[in-house]
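A closer look at the structure
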Amino acid sequence: MKNTYLVWAGKVWLGLILFFLYAPIIVMAFMSFNASQYYQLPFDFSLKWYEKLGQNTEILNAATRSILIALATTVIATILGTAASLALFRFEFRGKRFLQVMLFPPIAIPWLITGTAMLIFFYGVGLGRGTPSVLIGHVALALPYVIVVVSARLATFDPTLEEAARSMGADSWTVTRRVTLPWIASGIIAGALFAFAVSFDQFVVSYFLSEPGDSTLPVLIYTSIRKGFTPEINAISTIIIVISMAVMLFAARFSNFGGER
Amino acid sequence: MSTVLARQNRLKIVSLLSPAYIWLTVAIFLPLSAMLYFSFLSDVPFGDAEWHYTSENYQAFFQTSTYATLLWKSIKLGLTVTVISVLVGFPCAYVLAKAIKGKSREALFLLVILPFWSNSLVRIFCWAIVLRGNGVLELGLNAILPFEVDVNLMFSTPAIVIGLVHSYLPYVILTSYLALQAIDDNLIDAARSMGANKLTILWRVILPLSLPGLLAGAVLIFVPVVGSFMEPRILGGRVGTYFGTVIEDQFVAVFNWPLGAALSFILLAVVLVILATASPALRRAQT
Amino acid sequence: MADVSVQNVTKTFGSLKALNDVTMHFPDGGFFALLGPSGSGKTTLLRAIAGFIFADSGSIHIGDQSVEHIPVEKRDIGMMFQNYALFPNMTVADNVGFGLRVRKVGAAEERRRVSEALELVQLGQLGDRKPHQLSGGQRQRVALARAIVTNPKVLLLDEPLSALDKSLRVDMQIELKRIQREIGITTIFVTHDQEEALTLSDKIGILRQGTMIQAGPPREVYNNPVDVFTAEFLGEANILTGQSGLALSSGGADIKLPHSATPQSTLAVRPENMSISISEPDGDEISKLPATLVRRIFAGAMATCVLKHNDNTFKVIARDQDIPDLPEGGEIWLSWKPEHTIVVPEGSVGFDPN
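Residues numbered from 1 in each chain as written. Chains lettered and ligands numbered in written order. Predicted model: local features only at pLDDT ≥ 70, side-chain atom pairs only at ≥ 80, totals over all residues. Heavy atoms only, no water.

Looking at an unreviewed UniProt entry, one finds chain C named Putative spermidine/putrescine transport system ATP-binding protein, with Ruegeria conchae as its source organism.

Rules: UniProt positions are given in the numbering used here, feature names are shortened, and annotations may be inferred rather than shown by experiment.
The name that an unreviewed UniProt entry assigns to chain A is Spermidine/putrescine transport system permease protein, with the source organism given as Ruegeria conchae. Quoted verbatim from the Subcellular location (unreviewed entry) field of the UniProt record, the comment on chain A reads "Cell membrane". Under the UniProt heading Sequence similarities (unreviewed entry), the note attached to chain A is "Belongs to the binding-protein-dependent transport system permease family. CysTW subfamily."

1. What to know about the nonpolar core
Condition: Side-chain atoms within 4.5 Å link the members of a nonpolar core, which is a set of buried Ala, Val, Leu, Ile, Met, Phe, Trp, Tyr and Cys residues. Relative accessibility decides the category of a residue: with a 1.4 Å probe and only protein chains considered, values under 20% of the type maximum give buried, values over 50% give exposed, and everything between is partly exposed.
In this structure, Tyr 21 and Phe 243 of chain B together with Ile 188 of chain C are the most contacted members of the largest nonpolar core, which totals 213 residues. Core analysis: the next-biggest nonpolar cluster, separate from the first, contains 44 residues, Val 92, Val 142, Leu 157 and Leu 164 of chain C among them.

2. Here's the deal with the sheet that holds strand E13 (residues 275-277) of chain C
Two modes of strand pairing occur in sheets, parallel and antiparallel, and in both the strands are linked by backbone hydrogen bonds. Residue and element names in this part refer to chain C. Where we set the bar: Here a strand pair is declared whenever DSSP counts at least two bridges between the two strands. In DSSP terms, a helix is any run of H or I states spanning at least four residues, a strand is any run of E spanning at least two, and both are numbered starting from the N terminus. Throughout, an axis means a line fitted to C-alpha atoms (over the contacting stretch in the case of helices), and angles, computed between N-to-C directions, take values from 0 to 180 degrees.
Spatially, the five strands line up as an open sheet ordered E13-E17-E14-E15-E16, and their pairing is antiparallel. Pairing within the sheet leaves two strands with one partner each, and these edge strands are E13 and strand E16 (312-319). Between one strand axis and the next, the sheet turns by 45° as a mean value, whatever way the strands run. Relative to E16, strand E15 (residues 302-309) runs antiparallel, the two being bridged by eight bridges. Counted as the bridge partner of Lys 308 is Thr 313 from E16.

3. Remarks on the sheet that holds strand E4 (residues 57-62) of chain C
Within the open sheet, the four strands sit side by side as E2-E1-E4-E5 (chain C). Their pairing is antiparallel. Strands at the two margins of the open sheet, each flanked by one partner only, are strand E2 (16-26) and strand E5 (65-66) of chain C.

4. Some thoughts on the domain arrangement of chain C
Residue and element names in this part refer to chain C. To keep it simple, the criterion reads: The domain limits used here are those given by an automatic or database domain assignment. Residue contacts are defined here by distance: any two heavy atoms, one from each residue, within 4.5 Å place the two residues in contact. Take the accessible area each of two parts loses on contact, using a 1.4 Å probe, and add the two losses: that sum is the buried area. The term salt bridge refers to a pairing of a side-chain nitrogen on Lys or Arg with a carboxyl oxygen on Asp or Glu at a separation within 4 Å.
In terms of domains, chain C is made up of domain 1 (4-230) and domain 2 (236-344). Each of domain 1 and domain 2 has a C-alpha centre, and the two are 39 Å apart. Contacts between the two partners involve six residues from domain 1 and, on the opposite side, six residues from domain 2. Both faces combined, the contact of domain 1 with domain 2 buries some 550 Å², and carbon together with sulfur accounts for 58% of it. When the area that domain 1 buries against domain 2 is broken down by residue, the three leading residues are Tyr 222, Pro 225 and Val 228, summing to 77%. Run the count over domain 1 and domain 2 and you get zero salt bridges.

5. Quick word on the UniProt feature "domain: ABC transporter" (unreviewed entry) in chain C
Mapped onto this numbering, the UniProt entry gives "domain: ABC transporter" (unreviewed entry) at residues 4-234 of chain C. Structurally, residues 4-234 of chain C is divided into 36% helix and 26% strand, and its ends, taken at the C-alpha atoms, are 24 Å apart.

6. As for the interface of chain B and chain C
In this assembly, 16 residues from chain B lie in contact with 22 residues from chain C. Between chain B and chain C lies a buried interface of about 1800 Å² when both sides are counted; carbon and sulfur atoms form 60% of it. By the criterion of area lost to chain C, the three top residues of chain B are Arg 192, Met 194 and Arg 204 of chain B, representing 38% of everything that side buries. Taken together, chain B and chain C are joined by two salt bridges.

7. Considerations on the packing of helix H9 (residues 198-226) of chain B against helix H2 (residues 92-102) of chain C
What counts here: Should an angle lie under 35 degrees it is considered roughly parallel, over 145 roughly antiparallel, and from 65 to 115 roughly perpendicular; all remaining angles are considered oblique. By the definition used in this description, the sense in which the near helix is turned from the far one sets the handedness, with an anticlockwise turn below a right angle giving left-handed and a clockwise turn giving right-handed. Lys, Arg, Asp and Glu make up the charged group, whereas Ala, Val, Leu, Ile, Met, Phe, Trp, Tyr, Cys and Pro make up the nonpolar group; the residues left over, Gly among them, are polar.
Where H9 of chain B meets H2 of chain C, the closest approach of the two axes is 12 Å, and the angle between their N-to-C directions is 155°. Between H9 of chain B and H2 of chain C, the angle falls in the class roughly antiparallel. Crossing geometry of H9 of chain B relative to H2 of chain C is assigned as right-handed. Here Thr 200, Arg 204 and Val 205 of chain B of H9 of chain B come into contact with H2 of chain C, specifically with Phe 98, Arg 101 and Val 102 of chain C. Across the contact of H9 of chain B with H2 of chain C, the residue classes tally to three nonpolar, one polar and two charged.

8. Considerations on unusual backbone geometry
The phi torsion of most residues other than glycine is negative, and most of the peptide bonds are trans. Here Asp 21 of chain C, not a glycine, exhibits a phi torsion of approximately 50°, which is positive. With respect to the helices and strands, Asp 21 of chain C occurs in strand E2.

Take a look at the structure:
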């Protein structure tokens with residue numbers, strides 16, 4: 001029937017898009033296992049680029065720094081974001097709507113603008129470039145994501161559960177710890193994973209805030225690409241992609257993202 | 001009694017909210033204000049440099065056509081990428097939301113938005129590998145086609161557009177999907193029971209109802225593309241000079257920060273105008 | 001206008017038999033209810049008639065036309081959905097005019113017929129409103145106007161009143177019946193509310209697990225249920241199975257069996273047909289048994305009494321003033337006339353589809 005043709009065409013379209021989205025990533029990963037320095041075919045399997053990577057202290061240092069910054073961002077943004085979400089959920093007060101709207105500029109304004117503005121400001125207050133500035137910037141970018149994800153989970157929470165707990169004599173800290181937090185735990189975990197991904201993948205803001213020679217992994221990759229690319233970059237890029245996709249798969253599991261509600 | 005409670009509540013609200021919002025203020029809102037201030041300076045006020053207040057940086061934008069031309073070029077790039085992404089992504093979102101059911105839908109949806117959360121720089125680098133002369137695309141095409149072709153899309157506008165579409169396509173799929181999924185299937189059944197064919201249903205029911213989501217996706221693509229600089233640099237080479245790359249240059253190469261701040265602020269103004277125009281739609285997409 | 005005829009329709013979803021050899025005839029201009037518990041297949045049957053789903057086997061006719069291979073949009077039906085399914089992006093008038101615009105009747109004609117339809121449902125003034133500005137009852141009327149404005153051959157209603165509260169619901173029942181009579185359209189509606197089905201319809205079909213158990217005029221189905229399920233589903237019933245019937249014969253009970261019954265037959269008596277007295281009632285014809293009053297529940301004009309005889313519980317519904325004043329736990333007599341004893345065929349699901 002006519003209908004089934006349309007459905008088929010749609011599925012083929014979806015398949016093409018998935019191909020478009022994944023093919024270049026697969027090609028890049030593939031090339032990291034190719035011995036030729038100039039990406040020449042035929043394919044000659046080799047792990048030499050990964051071995052070289054293991055000896056490249058500059059890249060390894062940058063990777064360590066990126067992971068540490070991402071972990072610190074995750075901890076700070078998750079705690080601050082969850083606290084803010086709880087306040088926004090539990091209380092009615094003047095200016096609440098304004099505070100919610102304030103979450104959008106960090107997401108919506110291009111990172112080029114945010115990044116250059118941070119550079120100017122941090123220089124102005126004497127902090128300058130470097131890891132502390134990068135960390136402050138990353139937390140600010142990750143916070144709105146944590147608040148949005150945790151608030152979404154809180155929205156599914158029935159406030160009468162808190163009232164019930166209180167009617168049984170629990171004080172508000174006990175209510176939070178024993179009733180509210182367990183319910184939103186999955187949202188908090190998802191928010192934390194989002195925060196990690198935002199920081200770990202962040203390039204633009206890090207680019208303006210990193211000290212040369214003391215940069216994060218994406219910044220190092222960018223400068224290397226501009227010097228001319230080598231399969232070593234493929235190798236580290238492959239590792240990055242695998243890590244960030246794995247983190248996001250976990251986040252998706254916990255946030256019930258796109259699932260049926 | 002009630003005032004004590006109110007005070008307690010206020011204390012709780014402040015202690016829960018202030019860490020997050022002070023952080024946002026320090027890292028986002030004060031820097032934006034500082035940038036506005038800087039854009040009116042003649043030179044950076046650090047060290048022993050001479051500086052005074054001036055509007056020269058803004059005049060530079062209006063006096064020479066260079067910056068305006070580049071801004072327009074960036075806006076055109078934003079429109080191109082947005083239109084292509086919408087045309088490609090909306091049908092995809094529709095198939096996901098209405099033609100595929102159950103577990104496989106969830107899995108496919110996740111597959112579509114997963115790359116979006118991987119490193120955008122790395123994904124642009126992937127395209128550099130694919131598109132370069134003697135690259136995988138050329139080798140692949142020559143393996144299939146009976147005649148020799150010379151494909152070197154690298155360092156061209158199409159390369160930039162392809163890379164950006166790849167980066168931002170998942171946005172429009174995500175927002176359209178959420179909007180489409182929210183459309184009650186009964187509405188489609190109702191339209192059919194009144195004799196509407198598929199095209200009428202698409203045009204009169206589905207499109208109007210998913211428009212807020214579609215617009216939200218379009219804005220979410222357009223805004224960052226107008227401010228993009230890394231993608232044009234890597235994939236565009238010499239043709240990759242845009243408004244974003246000029247701003248980047250002011251900060252990392254030319255070190256004319258006040259001019260960079262002014263240009264950034266002009267870009268921010270453009271972005272804010274677009275966000276404000278689209279905000280009714282964005283608000284509706286949210287709910 | 002047309003009659004609808006469903007013949008031997010079967011539909012399976014995976015391993016679930018949603019409709020099992022269902023046959024029913026819906027004569028032209030009548031008002032019909034499909035009744036059953038959830039999962040009984042009543043909505044599946046309605047959607048098969050509408051054309052949203054296609055039956056695996058069997059045939060469906062609307063008028064003279066066999067519609068098995070005709071999709072919904074070509075069937076010329078009107079349908080009302082449980083949640084009304086009004087287009088939120090269109091005004092009331094645009095919602096009602098949608099089907100007309102699809103049929104390209106022209107702007108003037110569309111306006112005329114939309115306002116006619118809105119008049120019919122008494123919403124003449126509200127054409128410019130958006131659905132979210134309307135109350136539940138008003139939305140319901142818009143949905144009805146939208147379903148009938150194209151003069152469809154048949155009107156299909158999927159639990160149209162279930163979202164309304166009780167009093168509004170009764171108003172809408174009357175309204176629905178009035179409009180249906182006025183335009184004389186064949187109407188089929190799905191409900192799980194037996195009272196609604198009995199009030200509104202000329203004929204009801206009772207489904208269970210995809211099978212049509214019984215179809216007929218409400219009074220007939222109510223008075224002659226084909227099995228215990230129907231007896232209990234349609235109204236309430238005190239069931240006396242053969243075994244308990246024997247047990248009941250002891251201890252002063254005297255139950256008169258109709259001619260068609262054997263001592264093993266299952267009997268049913270409606271609660272409103274039983275009466276209560278303090279002294280043993282007279283008369284040879286009357287069935288009677290002594291019982292203990294367990295509880296008396298006052299509900300305005302009527303009251304419900306729960307009674308016990310040995311281990312059997314009975315329910316009696318009577319006017320409050322007709323029930324003797326007696327404390328709970330008191331001994332009384334339960335009696336009913338022989339014509340109120342219903343003989344329920346044992347385990348039978350076969351019936352005459354006409």
